[in-house]
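For reference, the chains in residue letters:
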Amino acid sequence: MATFKKSNKKDGTAINTSALPDIVFMLLFFFMVATKMRDKDVMVKTAVPVVSEVEKVEKKSWVNFILVGPPLDASKGTAPRIQLDDKFAEVDEVQDFIILRRNEFPPAIRDYLTTSIKADRTVRMGLIQDVKQELRQVNSLKLLYSANSGDVKTRR
Amino acid sequence: MADIAFLLLVFFLVTTTMDTDKGLRVKLPPWPDPNNPPPISTQNNRNVLEVLVNANDMLLVEGQLLDIEELTEMTKTHLTNDGRDPRFADNSKDAIVSLKNARGTSYERYVEVYNELKRAYNEVRNEYAVNKFNRDYDQLPEDDRDEVQDKYPMKISEAEPVDVGE
């Protein structure tokens, strides 16, 4: 310890901080580019399942989210609901939602749009199936069952 | 200067998210065109591995109750059978896995089953890649990868929903 103290106590000059703004700006730009605004309030509980064979989406802005789960607000009941953007929706509103979203993109990349179903693990497949049928009807066939990666207990 | 930048930095840290979206990628079958109905499948029965998940999250594979732990092995046997066992596919290129579920199946179980099927395909592809090219599947160049995909095309059919009990 003593040796460290000695070497630092040569003179009382402070560390040169003139490069600090550069570093901070660099961090700032990194976060501006790497993150996106938290644009929606999540109103349903979505504890997604854990699976092992996950894939990442390559282009985040090309993903439409459909959230399915029991409402967080207990006064809204406990039955699973669908959330599109930041409001509750019924199954028959899924088609309009997808079409509206699709029209925001140039035709060339419309085929690459993915729908991500972020559903709570307790949801029954009946509701998910209805959503899937709606997606098929508007020809939005790329689908992602949102899940976290991890070890699965189903493996011996 | 640094103060302002720090302020901005903290603002962005708080208001933005960085969660990358992960999950099981699935391709849905197109909506059937009423004027142009899909051809009736000529697939041989043995080429289809039927997986059924009921409302109690129980698994029925080819008419037999099965634990989910055994599903990957079963699927792999089906894919790599090459005609040996008459109960399974006679050719990996024609092999199909058909997944059916009830409306009451829990989403978690459905995704787990899907995951097992995907794992079976991934493992089979990887074994083939290691045998043939001495390399893991995800390290293969594009051409070789296509060849492996051609040998083991991922055909997981999500059947038209049937109501098999709530």
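Residues numbered from 1 in each chain as written. Chains lettered and ligands numbered in written order. Predicted model: local features only at pLDDT ≥ 70, side-chain atom pairs only at ≥ 80, totals over all residues.

Secondary structure summary: chain B contains four helices and seven strands in total. Along chain B, helices and strands appear, N-terminal first, in the series α-β-β-β-β-β-α-β-α-α-β. Scored against the burial criterion, the 166 residues of chain B give a buried share of 28%. Look at the contacts in chain B between residues 6 or more apart in sequence, and 64% of them connect residues 24 or more apart. (Helix = DSSP H or I, 4+ residues; strand = E, 2+ residues; numbered from the N terminus. Buried ≥ 20, exposed ≤ 12 C-beta atoms within 10 Å, placed from the backbone. Contact = placed C-beta atoms within 7 Å.)

Moving on: the packing of helix 3 (residues 107-133) of chain B against helix 4 (residues 142-151) of chain B. Residue and element names in this part refer to chain B. Where helix 3 meets helix 4, the closest approach of the two axes is 10 Å, and the angle between their N-to-C directions is 125 degrees. Classified by the interaxial angle, the pair formed by helix 3 and helix 4 is oblique. Between helix 3 and helix 4 lies a crossing of right-handed hand. Where helix 3 approaches helix 4, its residues Arg-125, Tyr-128, Ala-129 and Phe-133 are matched on the opposing element by Asp-144, Val-148 and Lys-151. Taken together, the residues that form the contact of helix 3 with helix 4 break down as four nonpolar, no polar and three charged. (Axes fitted to C-alpha atoms, helices over the stretch in contact; angles between N-to-C directions. Parallel < 35°, antiparallel > 145°, perpendicular 65-115°, else oblique. Left-handed = near helix turned anticlockwise from the far one by under 90°. Nonpolar A, V, L, I, M, F, W, Y, C, P; charged D, E, K, R; others polar.)

The sheet built from seven strands is open, its strands ordered 3(A)-2(B)-8(A)-7(A)-4(A)-5(A)-6(A) with mixed pairing. Of all the strands in the sheet, the pair left with one neighbour each is strand 3 (55-56) and strand 6 (87-89) of chain A. Bridge count for strand 3 of chain A against strand 2 (residues 22-27) of chain B is two bridges, and the pairing is antiparallel. Note on strand 2 of chain B: the bridge partner recorded for Lys56(A) is Lys22(B). Where helix 4 (residues 125-137) of chain A meets the sheet, its contacts fall on strand 4 (63-69), strand 5 (81-84), strand 7 (114-119) and strand 8 (142-146) of chain A, and the angle it forms with strand 7 of chain A comes to roughly 170 degrees. (Pairing = 2+ DSSP bridges.)

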